[in-house]
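These are the residues of each chain, in order.
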Amino acid sequence: MSPPVSDADLSVCDREPIHLLGGIQPRGVLVAFHPDTEAVALVSANVQALLGAGPDSLVGKPLLSVLPHGLLARVEAGTGPGPVTVEVSGQRCSALLHDSDGLRVLELEPLADEDVGAEETALGAVQRLVSPLSRAKGTAALLQEAADSVRELIGYDRVMVYRFHADFHGEVVAESVREGVDSFMGLHFPASDIPAQARALYARNPVRLIADVDAKVVGLVPPLLPGTQRPLDLSGSALRSVSEIHLEYLRNMGVGASFSVSLLKDGQLWGLMACHHLTPRTVSAARRQACEVLARLLSLQLSSEERSLESAAQARRAALLNALVLPNLGERSPAKALEAQAPLLMELTGSHGVALVLGASAGPEASPLLLGTTPSAEEVRALVAWLSAREPREDAFHVDRLGDVYPPLASRPDVAAGLLAMRLDPSVPHFALWFRPEVARTVAWAGNPNKPVRPEPGHARLRPRASFDVWREEMKGASAPWSTQDQEAARALKGALVGVVLRHAEELARLSRELARSNAELEAFGGTVAHDLKEPLRGILQYSSFLQEDFGPTLGADGRQQLEALAWLAKRTHDLLDSLFEYSRLGRLDLSWVETDQNVLLEDVLSTLGARLEEGRVEVRLPRRLPSVACDAVRIRQVWANLISNAAKYQTAEPRWVEVGFVGPGEARPEAARHAAAPYLFYVKDPGIGIAPQFHEAIFELFRRLHPAQAYGGGTGAGLAIARRLVSLHGGALWVDSAPGQGSTFFFTLGEGPRP
């Protein structure tokens, strides 16, 4: 068995000077000359057949005595970076010109008879192929269409779209293959298969043809440049020879010819169109240029699709951020206010759990706010201490294998395989932490990725692996990677928290003074509502009643109906003012916390609502006895009454029922309540008319009703707003899970006790 190959061994591949191999492929010739004197400085050893003289006799001669008159001018006048068709010694050739090491380098590639008219054919093919690309829907369809198009154009046995991952290993994401030829679709290739310097050349020189993997390398004359004593830099050369390691790699795959076109996104190497033929096969310069044009169009379309997805994701995150920040401006405890927004906090970064260490919760013994699936409070405190001690003190830290860098959580990949941490204050340990679980998956590699190369016995040289049979690896302990957009969303939340939650003491004092003044004004307004505004309404009700009694028979049906409408409007306004007064008082309540048996509260509520429930034939179901929890009994009784009366009201079909229950510590929670961290989760469930998702927040607005004022027994539309405010004062949250025609379930949680 071959010994394992170390990272140090693999670095040999990364250091191989593949741009300084000192030779070219035999399918063309190379002439390098000085730009000022146009004297030939270097030629390939095979120039005799095309230029009629050997290399030794050409070096040092003027270029005009070597090439036909006007050829250089024609090449220099060519439009764009592609080849120009010229004639040399009666032979049609494609010509490319570039600069390297202070020389101008001209490459001439003789065209076969069938390639002479290939330019028009190839460009026509591109025009035919652009239309299917533009019609393809989605990235997968687009890449598959491109692979099919390139194979049609060049006639190779296999065309793959090979995408680089963040660690530069590659994956075949689309493939067009001739029947009977092995498929590599879906297989992964280690990063060492295309080392760093090769990736750099692919980014610089997008098209690469190896027409025959067994062709003999043609050397350069002289082999070393006189001024530098090293080979000519062939980074920009289309004819550049090939590393023997790469040629052996292709032979091991059973490949006779290789052609690739780089896919660039925003100037960076995104992937390759990698093409294989089982026997030697050239691709004309015109067809190579056509493939390059096609690849550029594909890259533009890929960039457009990815930007569209990124824009949609950014818009969604901006909407989430607005929804997170705005409701918290008036909350006494920002951390507690954020608890109600747990689903939004997690969706912001695509995480499964959030831990917030804010304000008083930043102390060594304080409990962080844990939302969703997270490590324990003790584990989070230890993690924050580790993050705080890291040097340099970064504001953001992200990792998709947390256990590798922080061993205490190595055994918790189901909860915290991935971490995105945002430090909110450089001077104190205030953090927002997002967690992701591991994404266990099986990766299919083309050969064993742990042995991408093998030592040659008795030599320092490495040889590429000989087998590309599928090798499956179980990938565990890693979460989905954190994207740039995830990190930007976390930074945006940091800005919002720093600007809104972590205020300076002076700002807090100013707000406190303004709040005291506002409370005084609100109390005065409440007194006005309670007396001055309600008094005229009582008079309207009385006088409308007198008119009904004294003049009802003489008013006629229309008159009586109008008087009844007037009385109804006056009573409704009276009720609205009562609700407004009640809501305004909530902010000034001092809760009386006491351990309370919720069954006692429920019995009291059902006794009060009994007549109404009996009239509506509504059965109240209690699967099991409710627990005792600390709360203000009077206020939570009001919450139960609002939720049960609402549940009974909005039902039209028989049988009518309301279920009242709870989920206790350690018990499985419904999907809509997975984010709730409180030990007890209470609910009120009904099979009624249901609520569309877009109105799940609107129903908690003061005086907001989704139906006409007199429908479903009327009401002011203040009950749910008051109930949510009362729950919030207890440090809890109230929300709904519902859909039209599928009933509603209202969930609520309570805090742990009065704030110090």
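Residues numbered from 1 in each chain as written. Predicted model: local features only at pLDDT ≥ 70, side-chain atom pairs only at ≥ 80, totals over all residues. Heavy atoms only, no water.

Take the nonpolar core next. Counting 36 residues, the largest nonpolar core has Val639, Trp640, Leu643, Ile644, Phe746 and Phe748 as its most contacted members. Only helix H17 (598-615), strand E25 (628-632), helix H18 (633-649), strand E26 (656-663), strand E27 (681-686), helix H19 (719-729), strand E28 (734-738) and strand E29 (744-748) provide two or more residues apiece to this core. The greatest single-element share of this core, amounting to eight residues, is contributed by H18. Each residue touching Ile644, except ones within four places of it in the same chain, is listed here: Leu602, Val605, Leu606, Leu609, Val658, Val660 and Val684. (Core = buried A, V, L, I, M, F, W, Y, C linked by side-chain atoms within 4.5 Å. Buried < 20%, exposed > 50% of the residue type's maximum accessible area, 1.4 Å probe, protein only. Helix = DSSP H or I, 4+ residues; strand = E, 2+ residues; numbered from the N terminus. Contact = heavy atoms within 4.5 Å.)

Turning our eyes to something else, we now look at the packing of H17 against H18. Axis separation between H17 and H18 bottoms out at 9 Å; the angle between their running directions is 40°. Considering their axes alone, H17 and H18 lie oblique with respect to each other. Seen from above, H17 lies across H18 with right-handed handedness. On the side of H17, the interface is formed by Gln598, Leu601, Leu602, Asp604, Val605, Leu606, Thr608, Leu609, Arg612 and Leu613, while H18 contributes Ala633, Ile636, Arg637, Trp640, Ala641, Ile644, Ser645 and Ala648. Here the residues of the contact of H17 with H18 are counted per class, giving 12 nonpolar, three polar and three charged. (Axes fitted to C-alpha atoms, helices over the stretch in contact; angles between N-to-C directions. Parallel < 35°, antiparallel > 145°, perpendicular 65-115°, else oblique. Left-handed = near helix turned anticlockwise from the far one by under 90°. Nonpolar A, V, L, I, M, F, W, Y, C, P; charged D, E, K, R; others polar.)

Attention shifts here to the environment of Pro627. When you line up the elements, Pro627 lands in the loop between strand E24 (618-621) and E25. Sequence separation between Pro627 and Phe682 is 55 residues, and the spatial gap between their C-alpha atoms is 9.7 Å. Once residues lying within four places of it in the same chain are set aside, the contact partners of Pro627 are Thr596, Asp597, Gln598, Phe662, Tyr680 and Phe682.

A cluster of nonpolar side chains, Val293, Leu297 and Leu300, forms an exposed patch at the surface whose accessible area comes to about 240 Å². Given a relative accessible area of 31%, Leu297 falls into the partly exposed group. (Patch = residues over 30% accessible without salt bridge, like charges linked within 9 Å, V, L, I, M, F, W, Y side chains within 5 Å. Areas by Shrake-Rupley, 256 points an atom, 1.4 Å probe, with all protein chains shown as cover. Salt bridge = Lys/Arg side-chain N within 4 Å of Asp/Glu carboxyl O.)

Following the criterion strictly, the structure yields 19 salt bridges and no others. The partner of Lys265 in a salt bridge is Asp266, and the shortest N-O contact between them spans 3.6 Å. Where salt bridges share partners, they join Arg27, Glu109 and Arg288 into one cluster.

Gaps left between atoms are located by rolling a probe of water-molecule size over the structure's atoms. As a volume, the second largest pocket reaches approximately 1,500 Å³. Residues that form the lining of the second largest pocket fall into these classes: 22 nonpolar, 12 polar and 12 charged. (1 Å grid on protein atoms, 1.4 Å probe; cavity = no way out; pocket = protein on both sides within 12 Å on 5 of 7 lines; lining within 4 Å. Points joined across faces, edges and corners; volume = space filled by probe spheres on them.)

Taken as a whole, the protein chain shows an average pLDDT of 79; of its residues, 75% reach a score of 70 or greater. Taken element by element, the protein chain is modelled with least confidence in helix H1 (residues 7-15), mean pLDDT 43, and with most confidence in strand E2 (residues 29-33), mean pLDDT 96. Note that pLDDT drops below 50 for residues 360-365; the model gives that stretch 11 contacts with residues more than four away or on any other chain. Per-residue pLDDT stays below 50 along residues 707-714; that stretch engages in 15 contacts with residues further than four places along the chain or on separate chains. (pLDDT = per-residue confidence, 0-100.)

This part covers the sheet that holds strand E1 (residues 23-24). Taking strand neighbours across the sheet as the criterion, the seven strands line up as E1-E11-E3-E2-E6-E5-E4 in an open arrangement whose pairing is antiparallel. Of all strands in the sheet, those with a lone pairing partner are E1 and strand E4 (84-88), marking the two edges. Bridging between E1 and strand E11 (residues 218-221) involves two bridges; their strand directions are antiparallel. Its bridge partner being in E11, Gly23 is matched across the sheet by Gly219. (Pairing = 2+ DSSP bridges.)

Right, let's talk about the packing of aromatic side chains for a bit. Counting across every chain of the model gives 12 aromatic pairs. Consider the rings of Trp640 and Phe682, whose centres lie 5.8 Å apart with planes at 85°: the pair is edge-to-face. Of the two residues, Trp640 is situated in helix H18 and Phe682 in strand E27; the sequence distance between them amounts to 42 residues. Residue Trp640 shares its accessibility class with Phe682, and that shared class is buried. Judged by centre distance (6.2 Å) and plane angle (75°), the rings of Phe700 and Phe746 are edge-to-face. Of this pair, Phe700 sits in the loop between E27 and H19 while Phe746 is found in strand E29, placing the two residues 46 residues apart along the sequence. Each member of the pair, Phe700 as well as Phe746, carries the same accessibility label: buried. The structure contains a cluster of three or more aromatic residues connected by ring pairs, namely Trp640, Phe662, Tyr680, Phe682 and Phe748. When the ring centre of Phe700 is taken as origin, the NZ or CZ atom of Arg724, which lies over that ring, is 4.0 Å away. (Phe/Tyr/Trp six-rings, centres within 6.5 Å; stacked < 30°, edge-to-face > 60°. Lys NZ or Arg CZ within 6 Å of the ring centre and 35° of its normal.)

Further remarks concern the sheet that holds strand E16 (residues 396-399). Read from one edge of the open sheet, five strands run E15-E14-E18-E17-E16, paired in antiparallel fashion. Two strands bound the open sheet, and with one partner strand each, they are strand E15 (369-372) and E16. Adjacent strand axes in the sheet meet at a mean angle of 10°, parallel and antiparallel pairs treated alike. Both strand E14 (residues 353-357) and E15 contribute to a ladder of four bridges, which runs antiparallel. The residue of E15 that forms the bridge with Gly353 is Gly372. Running at roughly 115° to strand E18 (residues 430-436), helix H12 (residues 377-389) makes contact with E14, E15, E16, strand E17 (418-425) and E18 of the sheet.

Glancing now at H19. Three- or four-residue spacings in an α-helix give side chains the same orientation, since the helix completes a turn every 3.6 residues. Leu720, Ala721, Ile722, Ala723, Leu726, Val727 and Leu729 are the residues of H19 that are buried. Just past H19, the residue Gly731 takes up positive phi, approximately 80°.

If you trace the backbone, Thr749 turns up in the segment after E29. Judged by relative accessible area, which is 3%, Thr749 ranks as buried.

With that settled, the discussion passes to the packing of H18 against H19. Helix packing for two helices is described by the angle between their axes and how far apart those axes are. Look at H18 against H19: their axes get within 9 Å of each other, and the N-to-C directions meet at 145°. Where H18 crosses over H19, the two elements pack in a sense that is left-handed. For the pair H18 and H19, the contacting residues are Arg635, Gln638, Val639, Asn642, Leu643 and Asn646 in the first and Gly719, Leu720, Ile722, Ala723, Leu726 and Val727 in the second.

We now examine unusual backbone geometry. Cis peptide bonds are those with omega within 30 degrees of zero, and the linkage from Val221 to Pro222 qualifies with -5°. With respect to the secondary-structure elements, Pro222 resides in the loop between E11 and helix H8 (244-252). Look at the link from Glu654 to Pro655: it is a cis peptide, with omega at -10°. Turning to its location among the elements, Pro655 is positioned in the loop between H18 and E26. With a phi angle near 50°, Asp101 is a residue other than glycine that sits in the positive phi range. If you check the backbone angles, Phe168 has positive phi at about 75° while not being a glycine. Inspection of the secondary structure assignment puts Phe168 in the loop between strand E7 (158-164) and strand E8 (170-177).

A rise of 1.5 Å per residue sets the reference length of H12, with its 13 residues, at 18 Å; its end C-alpha atoms lie 19 Å apart and thus fit the reference within 8%. The set of residues buried in H12 consists of Val380, Leu383, Val384, Leu387 and Ser388. The buried residues of H12 occupy one face: seen down the axis, they fall within an arc of 135°. Facing away from the buried side of H12 by more than 90 degrees, the exposed set consists of Glu378 and Ala389. (Expected span 1.5 Å × (residues − 1). Arc of directions from axis to C-beta.)

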